[in-house]
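Next come the chains, spelled out residue by residue.
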Amino acid sequence: MAGSNEINMNESKKVVPLNTWILISNFKLAYNMLRRPDGTFNRDLAEFLDRKVQANTIPVDGVYSFDVVDRTTSLLNRVYRPAPEDESKWGTIELEKPLSTTEIVPVIIFFHGGSFAHSSANSAIYDTFCRRLVNICKAVVVSVNYRRAPEHRFPSAYDDGWAALKWVHSRPWLRSGKDGKAHVYLAGDSSGGNIVHHVAVRAAESDVEVLGNILLHPLFGGQKRMESETRLDGKYFVRLDDRDWYWRAFLPEGEDRDHPACNPFGPRGRTLENLKFPKSLVVVAGLDLVQDWQLAYFHGLRNSGQEVKLLYLEKATIGFYFLPNNEHFYCLMEEMNNFVNSNC
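The structure contained in this document is the topic of the report that follows. (Residues numbered from 1 in each chain as written. Predicted model: local features only at pLDDT ≥ 70, side-chain atom pairs only at ≥ 80, totals over all residues. Heavy atoms only, no water.)

As for the overall build of the protein
Item 1. Scanning the protein from terminus to terminus reveals 10 helices and 8 strands.
Item 2. For the protein, with 344 residues in total, the buried portion stands at 55%.
Item 3. Here the contacts in the protein between residues at least 6 apart in sequence split such that 75% fall between residues at least 24 apart.
Item 4. For the protein, the exposed area adds up to about 15300 Å²; of that, 50% sits on carbon and sulfur atoms.
Item 5. Charged side chains in the protein number 40 positive and 42 negative. The centres of these two groups are separated by 1 Å. (Helix = DSSP H or I, 4+ residues; strand = E, 2+ residues; numbered from the N terminus. Buried < 20%, exposed > 50% of the residue type's maximum accessible area, 1.4 Å probe, protein only. Contact = heavy atoms within 4.5 Å. Areas by Shrake-Rupley, 256 points an atom, 1.4 Å probe, with all protein chains shown as cover. Lys, Arg positive; Asp, Glu negative; His and termini not counted. Charge placed at Lys NZ, Arg CZ, Asp CG, Glu CD.)

A word on the packing of aromatic side chains
Item 1. For the structure shown, the criterion picks out 23 aromatic pairs.
Item 2. Between the aromatic rings of Phe 154 and Phe 250, the centroid separation amounts to 6.3 Å while the plane-to-plane angle is 85°, which identifies the pairing as edge-to-face. Taken together, the residues span a long stretch of sequence, with Phe 154 in the loop between strand 4 (140-144) and helix 5 (156-170) and Phe 250 in helix 8 (residues 240-250) at a distance of 96 residues.
Item 3. Judged by its relative accessible area of 27%, Phe 154 is partly exposed.
Item 4. Taking the ring centre of Phe 339 as reference, the NZ or CZ of Lys 279 above it sits at 4.5 Å. (Phe/Tyr/Trp six-rings, centres within 6.5 Å; stacked < 30°, edge-to-face > 60°. Lys NZ or Arg CZ within 6 Å of the ring centre and 35° of its normal.)

Quick notes on unusual backbone geometry
Item 1. A cis amide bond links Ala 149 to the next residue, Pro 150, at an omega of 0°.
Item 2. Turning to its location among the elements, Pro 150 is positioned in the loop between strand 4 and helix 5.
Item 3. Here the phi dihedral of Ser 115 falls at roughly 55°; this positive angle occurs in a residue that is not glycine.
Item 4. According to the relative accessible area criterion, Ser 115 is buried, its value standing at 6%.
Item 5. The residue Phe 116 is not glycine, and still its phi comes out positive at about 70°.

Overview of the pairing of strand 5 (residues 183-189)
Item 1. Across the 7 residues that make up strand 5, a large majority, 7, are buried.
Item 2. Across the two faces of strand 5 the burial is the same, with His 183, Tyr 185, Ala 187 and Asp 189 and Val 184, Leu 186 and Gly 188 all buried.
Item 3. Bridge count for strand 3 (residues 106-111) against strand 5 is 6 bridges, and the pairing is parallel. The residue bridging Val 107 from the neighbouring strand is Val 184, located in strand 5.
Item 4. By the bridge criterion, 5 bridges tie strand 5 to strand 6 (residues 212-216) in an arrangement that is parallel. Bridge pairing in strand 6 links Tyr 185 to Gly 212.
Item 5. Following the chain from strand 5 across helix 6 (residues 191-206) to the adjacent parallel strand 6, one finds a crossover that is right-handed. (Pairing = 2+ DSSP bridges. Right-handed = clockwise from strand over helix to strand, strands pointing away.)

Looking at helix 9 (residues 291-303)
Item 1. If you check helix 9, its first and last C-alpha atoms are 18 Å apart, about what 13 residues at 1.5 Å a residue would give, namely 18 Å.
Item 2. Among all positions of helix 9, only Gln 291, Asp 292, Trp 293, Gln 294, Leu 295, Tyr 297, Phe 298, Gly 300 and Leu 301 are buried.
Item 3. Close packing links the buried residues of helix 9 with helix 6, strand 6, helix 7 (227-231), strand 7 (279-285) and strand 8 (308-313).
Item 4. Backbone geometry just after helix 9 places Gly 305 at a positive phi near 80°. (Expected span 1.5 Å × (residues − 1).)

Some words on the environment of Arg 51
Item 1. Take Arg 51: it is sitting in the loop between helix 3 (43-49) and strand 1 (63-69).
Item 2. Expressed as a C-alpha distance, the spacing of Arg 51 and Ser 123, which sit 72 residues apart in the sequence, is 5.9 Å.
Item 3. The contact partners of Arg 51, leaving out residues within four places of it in the chain, are Asn 122, Ser 123 and Ala 124.

Structure follows, in structure tokens:
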């Protein structure tokens, strides 16, 4: 078994830049320490190991941030905005005026990954990623600190995502353009991509506007074992047993992976035909073991008559977008920028 693990480690080193390999390998090591065989999770140790950063009203790399708590739900959102050109305004948070009365400024509601159990809106790795989105997409980013499993199972994360969407639409200072509304996009990676889908469905059913969805190697699955799951099991940072553990931790007790939360187009799922669903960008990493489920999701949208674009990155692994040290990162950023600014 040790020999097999060593082969897998070498394979991942061949396609991942060394600093990214070290970063994701450290995450994997920490994650393995936190999961318990009985389905419980060492939250205290998780919080200790997760490097967090404070919000900063003084801009860093052209972006400032601040935390806002929704008094109705107690949900914390971290807001990232481009720094004012006038340095005398640095350190001041403007919550009265719209983002612009002439130009459209996209607002990206971001749901972090972590298999529903790890990370938070103030995790350093996601704080950096959100800052990059602001700079590259010329957008405002609202990162949602949703409740995590196993302490908070389905549908807690979806409920928090829905609350965040309504909150964004209710803030006058997140509106822009001549139409004076919030131009909202949903984005997330891994479990965050999963949350994007389910919040978007609820929004479409409730006639709450979302202009587009971006799903970065979204976490979907099912009872059936797909070819990619067996072929890539354990090779590029992730084991199938790990994925199964997280689904047991998130889904209602006693449910299997064909629950619609996990398998939205599966035997217990639903069609999105005749639903005014937002356009979608589905990003698939070719070395992610659940890529077949991500591709099934893409086809599910297309077969429902929905507008969807597939970005398939053949040699990308999970987390390739955390560091700007590979061509996949720049390809993704260009696609995201074009996606959220196509209506401007």
